[in-house]
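Examining the three-dimensional arrangement
For reference, the chains in residue letters:
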Amino acid sequence: MAVLIVVGEPAGAGGRRVSVMRRGREESLGTAFSDHDVIVFLQAAGLSDPEEVLDDPRWVQWCGGRAWNPPTGDG
């Protein structure tokens, strides 16, 4: 499976551009400042369990490294 979601490198203000591939085109979802922001964008894009794919490299490409702490499952 190809990467569907790209989280760009951190910008000067700390945000990261989030985009998704749809119908062969890259569509910007917005700028994220936390994992929660990325999850909200992915939910809006139609993913039913975005928390499950956040750290799956088959789904998400983190450019410039992982910015925030991965989910711990602690609630």
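Description of the structure in this document. Treat the numbers as computed from the prediction; the structure is a model and nothing was measured.

Considering the nonpolar core
Of all hydrophobic cores here, the largest spans 16 residues; its most connected members are I5, V7, V18, L29, V38, L42 and W62. For this core, the secondary structure elements donating two or more residues are strand 1 (5–7), strand 2 (16–22), strand 3 (25–32), helix 1 (35–44) and strand 4 (60–62). Per element, the largest residue contribution to this core is 4 residues, and it comes from helix 1. Among all residues touching V7, those that are not within four sequence positions of it are R16, R17, V18, V38, V60, Q61, W62 and C63.

Quick notes on the sheet that holds strand 2
Adjacent strands of a sheet form backbone hydrogen bonds with each other and so pair up, either parallel or antiparallel. Strand order in this open sheet of 4 strands is 3-2-1-4, and the pairing throughout is mixed. The open sheet has two edge strands with one neighbour each: strand 3 and strand 4. With direction set aside, neighbouring strand axes in the sheet form an average angle of 20°. Pairing geometry for strand 1 and strand 2, over 3 bridges, is antiparallel. If you follow V7 over to strand 2, its bridge partner there is V18. Helix-sheet contacts for helix 1 involve strand 1, strand 2, strand 3 and strand 4, and the interaxial angle to strand 3 is about 140°.

A word on the pairing of strand 3
One ladder, built from 7 bridges, connects strand 2 with strand 3; its direction is antiparallel. Each residue of the ladder has a partner; that of R17, found in strand 3, is T31. What sits between the antiparallel neighbours strand 2 and strand 3 is a turn of 2 residues, in which R23 has the positive phi angle 50°.

Conventions and cut-offs
- Residues numbered from 1 in each chain as written.
- Predicted model: local features only at pLDDT ≥ 70, side-chain atom pairs only at ≥ 80, totals over all residues.
- Heavy atoms only, no water.
- Core = buried A, V, L, I, M, F, W, Y, C linked by side-chain atoms within 4.5 Å.
- Buried < 20%, exposed > 50% of the residue type's maximum accessible area, 1.4 Å probe, protein only.
- Helix = DSSP H or I, 4+ residues; strand = E, 2+ residues; numbered from the N terminus.
- Contact = heavy atoms within 4.5 Å.
- Pairing = 2+ DSSP bridges.
- Axes fitted to C-alpha atoms, helices over the stretch in contact; angles between N-to-C directions.

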